[in-house]
Amino acid sequence: MSIQQDVLEQMRDLHFRMHRLFNDRMRAQGASLAQLKLLLLIERCGEMRSTDIADALGQAPRTVTEAVDGLERDGLVMRHPDPNDRRAKRINLTEAGRGVIREVEPHRDVFAAEFFACLPEQDLEKFLSILTTLNGRIVEMGAPSSLGAFRPDEGSGQ
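Since this is a predicted model, take the numbers as computed values, not measurements.

Pairing is possible between side chains that carry opposite charge, provided their charged atoms lie close to one another. In this structure the tally under the stated criterion is 13 salt bridges. Counted as one network, the salt bridges with shared partners bring together Glu47, Asp82 and Arg90.

Quick look at the structure:
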């Protein structure tokens with residue numbers, strides 16, 4: 001196995017472990033990571049269609065529709081007609097949805113501080129530089145430049 005494959009496996013393992021641990025911690029706080037990911041995506045990109053959310057998250061449209069239905073029932077998002085496509089609905093955050101993000105923010109900050117505590121500032125800066133370079137490379141290879149890139153009227157991302 002090449003060093004590149006070793007790095008990819010380590011990145012995959014790190015992603016899965018981080019996702020699982022953060023999900024467990026959010027569940028202990030009474031939050032759902034799946035809901036939070038959706039709320040954060042909408043916060044970052046602005047109002048979106050379900051199909052755009054499905055594209056961004058790599059999920060089936062039906063899965064996203066069901067998730068948005070739940071968020072709408074909970075009063076965290078609302079749908080309104082898309083002015084450019086009368087068949088589509090745009091989804092945006094409600095004040096309650098923004099409140100959930102604000103409530104979770106301190107937990108995200110604590111998680112990040114605890115996770116990165118093992119790295120000195122200089123290593124963290126180098127790691128950020130490497131990640132920025134790799135993100136640029138994946139875009140050169142054909143990945144969307146941002147989560148909002150698939151939206152004709154938007155171009156922002158986390």
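For the rest of this paragraph, the subject is a nonpolar patch on the surface. The grouping of Ile3, Val7, Leu8, Met11, Leu119, Phe127, Ile130, Leu131 and Leu134 at the surface amounts to a nonpolar patch, some 750 Å² of accessible area in total. Counting residues per element, the ones that place at least two in the nonpolar patch are α1 (3-28) and α6 (121-140). Following the sequence through the fold, phenylalanine 127 ends up in helix α6. According to the relative accessible area criterion, phenylalanine 127 is partly exposed, its value standing at 31%.

Moving on: the pairing of strand β3 (residues 85-93). Here strand β1 (residues 48-49) runs beside β3; their pairing, made up of two bridges, is antiparallel. In the sheet register, arginine 49 faces β3, and the bridge partner there is arginine 90. Taken together, the six bridges between strand β2 (residues 77-82) and β3 define a ladder with antiparallel strand orientation. What sits directly across from aspartate 82, in β3, is aspartate 85.

Basis of the calculations
Every chain is numbered independently, its residues counted from 1 as its sequence is written. Only residues with pLDDT of 70 or above have their local features reported here, since the model is predicted, and side-chain atom pairs are shown and tallied only from 80 upward, although totals for entire chains, interfaces and linings are computed over all residues. Side-chain descriptors were evaluated using all non-hydrogen atoms of the structure, hydrogens and water having been removed beforehand. The salt bridge criterion pairs a side-chain nitrogen of Lys or Arg with a carboxyl oxygen of Asp or Glu, the two atoms within 4 Å. Residues enter patches when they are more than 30% accessible in relative terms and free of salt bridges; like-charged ones are connected within 9 Å and nonpolar ones (Val, Leu, Ile, Met, Phe, Trp, Tyr) within 5 Å. For the area figures, the Shrake-Rupley method with a 1.4 Å probe applies, and any residue is considered shielded solely by the protein chains shown. A run of DSSP states H or I qualifies as a helix once it reaches four residues; a run of E qualifies as a strand once it reaches two. Both are numbered from the N-terminal end. Here's how the labels work: a residue is buried when its accessible area is under 20% of the maximum for its type, exposed when over 50%, partly exposed in between, all with a 1.4 Å probe on protein chains only. Strands qualify as paired when DSSP identifies two bridges or more between them.

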